[in-house]
Amino acid sequence: MKTTPAKARAYARIGDGALRFGTLAIDQRPPLMHLVAKALGRDPEQVGPEVTELKGLLAEILGRAVTGILIDPHYAFPAAMPTLPRETGLMLTLEHHRFETVEGGWRKSAVIPGWSVEQAVRMGADGLKLLAWHRPDAPTEVVEHQLEFVRRVGEECKKADRLFIFEVLPYPLPGEDEAAYNAKLRDLSLEIAAAFADPGLNVDLYKLAFPGAASLVREFGGSGYSLEDLEADMREYSKLPAPWLLLSGGLGADQFVQMLEAALNAGARGYLAGRAVWQHPLRFYPDKTRVREALREEGLETLARLNELLLGIPPQHLEADWQLAGVAG
C-alpha cells in the first residue's frame with residue numbers, strides 16, 4: 001500500500017513498524033464515568049477529576065505494554081501524557097460521547113464541542129480516531145448526515161497528514177427487542193462496515209467489532225454461530241481499502257483473546273482494545289492500591305497474551321510515496 005511519508009511514520013509510531021498494532025483504548029467516557037460514580041455514590045457528571053486520575057493510572061501501568069494508546073483530550077490527556085513512554089504512539093479521539101437522538105431513536109454523531117483535528121495535531125497526535133453510529137435502515141437524512149460527518153473528518157485528517165482511524169458501530173433502537181437485535185447483529189455488522197468502504201472517505205485504519213453478539217457464540221456458551229463462522233465473516237473486513245483492527249466490544253479477557261485469534265486469521269492487523277484489558281481489574285475501585293495490583297497482574301497478562309498472537313502475523317511494510325514529498329523523482 002502507498003501513503004505519504006508522514007502517515008507512514010504515523011503507522012510506525014502507532015504500530016510496531018511492520019503494520020502490526022497492539023493498541024490500548026482509554027478514551028471511553030460514559031463507561032468509566034458510571035463505574036466511578038457507582039463506586040463513589042455520585043452523579044456520573046460530577047466525577048471528572050476522579051475519572052482523570054483513573055485514566056492516568058491506566059496509562060501509567062498499561063501504556064508501556066502497547067504500541068499505541070487512544071485517549072480523549074479532556075479527561076485522559078492531562079493525566080496520561082506525563083506517564084507515557086516516548087515510544088508509545090498517540091491517538092486522540094474526536095467524537096463527543098453525547099450524540100443527537102432524532103425521532104425514532106436514530107443517532108447523529110458529532111465532534112467534541114470546541115475540539116478539532118487541527119487542535120489534536122497541535123497536541124501531538126499521530127492519529128485521530130472517530131466513532132460514528134450507523135444503522136443502514138435509518139432515514140435517508142440520518143444516513144447522509146453520518147456519511148458526510150465521516151467524509152468531512154477524513155478530509156481534515158488528509159489535509160493535516162495524520163492517520164484517520166475510523167470506528168463504526170450499530171446500535172439498538174428504543175424498544176427494539178434485544179433477542180431480535182442480537183439475532184441480526186451479525187449481518188448488521190458486515191453491512192455497516194461495507195457502508196463506509198468508500199476510499200474517498202480517506203480512512204487509514206478501521207476499528208471494527210466482531211460481526212455478531214457474544215451471547216450467541218458457541219465457544220462462549222451460546223447456541224448460535226462458532227468462532228470459525230465469525231472468522232469467515234471477518235474476511236469481508238479485509239476487502240476494505242485500509243487495514244483493520246479488532247475492538248473488544250465488551251468481551252472478557254479470555255473471550256477477546258479467542259476472538260482476536262480468529263480476527264488475525266481473517267486478516268486483522270491487530271487490536272485496539274479497552275474493557276477486555278482493564279474492566280475486570282477495575283472491580284476493586286475505589287481501592288486504588290488493589291486496582292494497581294490487578295492491572296499489573298491481570299491487565300498486563302491479558303496484553304501479553306494478545307501481543308503474543310500479534311507475533312504470528314506476517315510483517316508488512318508500508319511503501320511511502322516519496323514523490324508526494326518531492327524527495328525523489
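To be clear, the structure that these remarks concern was listed above.
First, a word on what this report is: a plain description of the structure on this page. Worth saying up front: this structure is predicted, and the values here are computed from it rather than measured.

A word on the packing of aromatic side chains
Taken as a whole and judged by the stated rule, the model has eight aromatic pairs. A ring pair is formed by phenylalanine 164 and phenylalanine 166, whose centres lie 6.0 Å apart and whose planes are at 45°; its orientation type is tilted. Looking at phenylalanine 166, the relative accessible area reads 0%, which means it is buried. Their ring planes at 75° and their centres at 5.0 Å tell us that tyrosine 237 and tryptophan 244 sit as a pair that is edge-to-face. On the basis of relative accessible area, tryptophan 244 is assigned to the buried category, the value being 1%. In this structure an aromatic cluster arises from ring pairing among Phe164, Phe166, Phe196 and Tyr206. Note that arginine 107 overlies the ring of tryptophan 133, its terminal NZ or CZ placed 4.5 Å from the centroid.

A short note on the pattern of salt bridges
For the coordinates displayed, the defined rule picks out 24 salt bridges. The salt bridge involving lysine 55 is made with aspartate 72; its shortest N-O contact spans 2.6 Å. Here aspartate 72 lies in the loop between β3 (68-71) and α4 (76-80) and lysine 55 lies in helix α3 (residues 48-62), a separation of 17 residues in the sequence. With a relative accessible area of 0%, lysine 55 lands in the buried category. Here aspartate 72 falls in the buried class, since its relative accessible area comes to 1%. Here glutamate 95 and lysine 129 are joined by a salt bridge, their closest N and O atoms 2.7 Å apart. Separated by 34 residues along the polypeptide, glutamate 95 in the loop between β4 (89-93) and β5 (100-102) and lysine 129 in strand β7 (residues 127-133) bring together distant segments of the chain. Assessed through its relative accessible area of 2%, lysine 129 is described here as buried. Salt bridges linked by common partners bring Asp27, Arg29, Glu95, Lys129, Glu167 and Lys207 together as one network.

Observations regarding empty space enclosed by the protein
Using the criterion set out here, one finds one cavity of 30 Å³ or more in the structure. Size it by volume and the largest cavity reaches roughly 50 Å³. Together, Val168, Leu169, Pro170, Ser189, Ile192, Ala193, Leu208, Ala209 and Tyr237 line the largest cavity. Residue assignment for the lining of the largest cavity shows that the elements contributing at least two residues are β8 (163-169) and α7 (178-195).

Section: the packing of α3 against helix α11 (residues 288-310)
Interaxial distance between α3 and α11 falls to 10 Å at its minimum, and their mutual angle equals 45°. One way to sum up the angle between α3 and α11 is to call them oblique. The way α3 lies across α11 gives a crossing that is right-handed. On α11, the residues touching Glu53, Leu57, Leu58, Glu60, Ile61 and Leu62 of α3 are Lys288, Val291, Arg292, Leu295, Arg296, Gly299, Leu300 and Leu303. Taken together, the residues of the contact of α3 with α11 sort by class into eight nonpolar, one polar and five charged.

So, the nonpolar core
Core analysis: the largest hydrophobic core is formed by 87 residues, its most contacted members being Met234 and Trp244. Counting residues in hydrophobic clusters, the runner-up holds 13 residues, among them Ala10, Ala25, Met91 and Leu205.

Quick notes on helix α8 (residues 227-234)
All buried positions along α8 are accounted for by Leu227, Leu230, Glu231, Asp233 and Met234. Across the axial projection of α8, the buried residues extend over an arc of 160°, all falling on one side. Those residues of α8 hidden inside the fold are in contact with α7, β10 (244-246) and α9 (253-265).

Calculation criteria
- Numbering of residues begins from 1 in every chain and follows the order in which that chain's sequence is written.
- In keeping with the model being predicted, local features are shown solely for residues with a pLDDT of at least 70 and side-chain atom pairs are shown and tallied solely at 80 or more, while totals for entire chains, interfaces and linings include all residues.
- In computing side-chain values, all of the structure's heavy atoms are included and hydrogens and water are not.
- Stacked, tilted and edge-to-face are the three classes applied to pairs of Phe, Tyr and Trp rings, where Trp contributes its six-membered ring and a pair requires centres within 6.5 Å; stacked means planes under 30 degrees apart, edge-to-face means over 60, and tilted covers the rest.
- Note on classification: 1.4 Å probe, protein chains only; a residue is buried when its accessible area is under 20% of the maximum for its type, exposed when over 50%, partly exposed between these limits.
- Remark: a charge is flagged as sitting over a ring if the NZ atom of Lys or the CZ atom of Arg is within 6 Å of the ring centre and within 35 degrees of the ring normal.
- Salt-bridge detection follows one rule: a side-chain nitrogen of Lys or Arg within 4 Å of a carboxyl oxygen of Asp or Glu.
- Counting from the N terminus, the helices are DSSP H or I runs at least four residues long and the strands are E runs at least two residues long.
- As defined here, a cavity is a set of points on a 1 Å grid over the protein atoms alone where a 1.4 Å probe fits but cannot get out. A pocket is an open set with protein on both sides within 12 Å along at least five of seven lines, and residues line them when an atom is within 4 Å of a point.
- Grid points are joined across faces, edges and corners, and a volume is the space filled by probe spheres set on the points.
- Note on definitions: angles span 0 to 180 degrees between N-to-C directions of axes, and those axes are lines fitted to C-alpha atoms, for helices only across the stretch in contact.
- Roughly parallel here means an angle under 35 degrees, roughly antiparallel means over 145, roughly perpendicular means 65 to 115, and every remaining angle is called oblique.
- Throughout, a crossing is termed right-handed when the near helix is turned clockwise from the far one, and left-handed when it is turned anticlockwise from it by less than a right angle.
- We call two residues in contact when some of their heavy atoms are within 4.5 Å.
- Under the grouping applied here, Gly and all other residues not named as nonpolar or charged are polar, the nonpolar ones being Ala, Val, Leu, Ile, Met, Phe, Trp, Tyr, Cys and Pro and the charged ones Asp, Glu, Lys and Arg.
- For our purposes a nonpolar core is just a set of buried Ala, Val, Leu, Ile, Met, Phe, Trp, Tyr and Cys residues, chained together by side-chain atoms within 4.5 Å.
- Note that the arc is computed from the directions linking the helix axis to the C-beta atoms.

Nothing here speaks to function; it is geometry throughout.
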